[in-house]
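# Coordinates in review
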Amino acid sequence: MQARTSRAPSRMCALGDFDADWLRLRAPADIRARAPDLPLLLRPHLPKGPALKVLDLGCGTGSNLRVLAPSLGGTQHWLCLDADDDLLKRVAIEIRAWAEATGCDWDPRNQRITQAEPHLSCTLETRRFDLAQSSADLPIDGVGLLTASALLDLVSEAWLCDLVARCAAVRVPMLMTLTYDGRVAFEPELSFDRDVIDHVNRHQGRDKGFGPALGPGANARLAAFATAHGYWVEMRASDWRIGRSERALQAALIRSWCRAACEQAPDAETAAIRHWQRVRLAVVEQGCSRIRVGHRDLLAIPRPA
Ligand SMILES: C[S@@+](CC[C@H](N)C(=O)[O-])C[C@H]1O[C@@H](n2cnc3c(N)ncnc32)[C@H](O)[C@@H]1O
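Residues numbered from 1 in each chain as written. Predicted model: local features only at pLDDT ≥ 70, side-chain atom pairs only at ≥ 80, totals over all residues. Heavy atoms only, no water.

Here we take up the side chain of Asp297. Mapped onto the secondary structure, Asp297 falls in strand 10 (residues 290-302). Summary of buried charges: Asp297 has no salt-bridge partner, and the nearest side chain of opposite charge, Arg34, is 5.1 Å away. In terms of polar contacts, Asp297 uses its side chain to reach the backbone amide nitrogen of Leu178, at 2.8 Å. In this structure the side chain of Asp297 is engaged in a polar contact, spanning 2.7 Å, whose partner is the side chain of Ser238. When neighbours within four sequence positions are excluded, Asp297 is seen to be in contact with Arg34, Ala35, Leu38, Met176, Thr177, Leu178, Glu234, Met235, Arg236 and Ser238. (Helix = DSSP H or I, 4+ residues; strand = E, 2+ residues; numbered from the N terminus. Buried < 20%, exposed > 50% of the residue type's maximum accessible area, 1.4 Å probe, protein only. Lys, Arg positive; Asp, Glu negative; His and termini not counted. Salt bridge = Lys/Arg side-chain N within 4 Å of Asp/Glu carboxyl O. Polar contact = N/O pair within 3.5 Å; in protein donor to acceptor, adjacent residues only side chain to side chain. Contact = heavy atoms within 4.5 Å.)

What sets the pattern is the α-helix's 3.6 residues per turn: residues three or four places apart point alike. Along its 13 residues, helix 5 (residues 157-169) runs 18 Å from first to last C-alpha, staying within 8% of the 18 Å computed at 1.5 Å per residue. Taken together, the buried positions of helix 5 are occupied by Trp159, Leu160, Leu163, Val164, Cys167 and Ala168. For helix 5, the angular spread of buried residues about the axis comes to 165°, placing them on one side. Away from the buried face of helix 5 by more than 90 degrees, exposed residues Ala158 and Ala169 are located. Looking at the packing, one finds that the buried side of helix 5 touches strand 1 (52-57), strand 6 (145-149), strand 7 (174-187), helix 7 (218-228) and strand 8 (231-237). Phi turns positive one or two residues past the end of helix 5, at Arg171, with a value near 55°. (Expected span 1.5 Å × (residues − 1). Arc of directions from axis to C-beta.)

Moving on, we come to the packing of helix 5 against helix 7. Helix 7 packs onto helix 5 with a crossing angle of 35° between their chain directions and a minimal axis gap of 10 Å. Here helix 5 runs over helix 7; the crossing is right-handed. Contact residues: Glu157, Leu160, Cys161 and Val164 in helix 5; Ala218, Arg221, Leu222, Phe225 and Ala226 in helix 7. Per-class residue counts for the contact of helix 5 with helix 7 are seven nonpolar, no polar and two charged. (Axes fitted to C-alpha atoms, helices over the stretch in contact; angles between N-to-C directions. Left-handed = near helix turned anticlockwise from the far one by under 90°. Nonpolar A, V, L, I, M, F, W, Y, C, P; charged D, E, K, R; others polar.)

What follows covers the side chain of Asn64. Summarising the element assignment, Asn64 is placed in helix 3 (residues 63-72). A polar contact is formed between the side chain of Asn64 and the side chain of Thr147, at a distance of 3.0 Å. Each residue touching Asn64, except ones within four places of it in the same chain, is listed here: Arg34, Asp56, Ala69, Trp78, Thr147, Ala148, Ser149 and Thr177.

Attention now goes to the packing of helix 1 (residues 20-33) against helix 4 (residues 85-102). When two helices pack together, their arrangement is given by the angle between the helix axes and by the axis-to-axis distance. Between helix 1 and helix 4, whose axes approach to 11 Å, the crossing angle comes to 45°. Regarding the angle of helix 1 to helix 4, the classification is oblique. On the side of helix 1, the interface is formed by Ala20, Leu23 and Arg24, while helix 4 contributes Leu87, Arg90 and Glu94. Classifying every residue of the contact of helix 1 with helix 4 gives three nonpolar, no polar and three charged. (Parallel < 35°, antiparallel > 145°, perpendicular 65-115°, else oblique.)

Here you go:
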């Protein structure tokens, strides 16, 4: 997370803004954190057909595709939606760099990733789409998998309820990953950690464009809505475990948490919060700090009718 745990440093998650630098900084922690068994459990429940259509909500620079497409394999078409044009413009650039690093082929003209073994042929389509304003027009028809990563703690209860109802109506599986759950553990601990994170978690409930955000409550609400709509639900911890050497990511998080906590706390507490930030950053600089940030991945499969 970043003040919205899974978000950005400069413009940062506390405000619901993200930038490509922040998404790149957090990507290694995201990749390590994701529950590896959920794509395996999902595979037998995907529709059989010429190409699996995947709808990725709040795609950022496409990290969800880069992780998930190879683990699902076969022939896929991804429609990646985001409200931020700058991030959408970076999707193909990041995919090209990733393809070069991993030995996949990237065909820019047809926006296609291919890999021989195991077989993957995946076409990419990006679309500017404001999920908060246009959810009634969500292009869900014919979709075989709806997915999102690091998005759901931004959305409101009403928005999430409506999304699950729409998915249930067309019986589409959902894989929602890296949703912040409110747990943060520092090593070494400081006595003021809990106070800061309590403020941050309350800050997470501010409106990020969808109405009051679910923040750390998003996983529980998603599980409840999906179960009520007849889905079989599997949830896994997918915590960020940020090591001592990952100083830039730790520093970005600590700064964003300090900003969020100062916005949320009474004025009388801001000096103590800033002091906490100074101490925490010094520990990071010394290479002695580790941080664990709680996230969850959730797989929802429609039960047989
Ligand atoms: C934390 S980032 C996650 C990005 C990407 N899924 C990942 O895992 O790296 C949240 C994403 O949601 C997008 N987002 C936030 N509000 C949105 C909205 N109303 N409509 C569409 N996208 C939105 C942001 O632009 C950002 O790309």
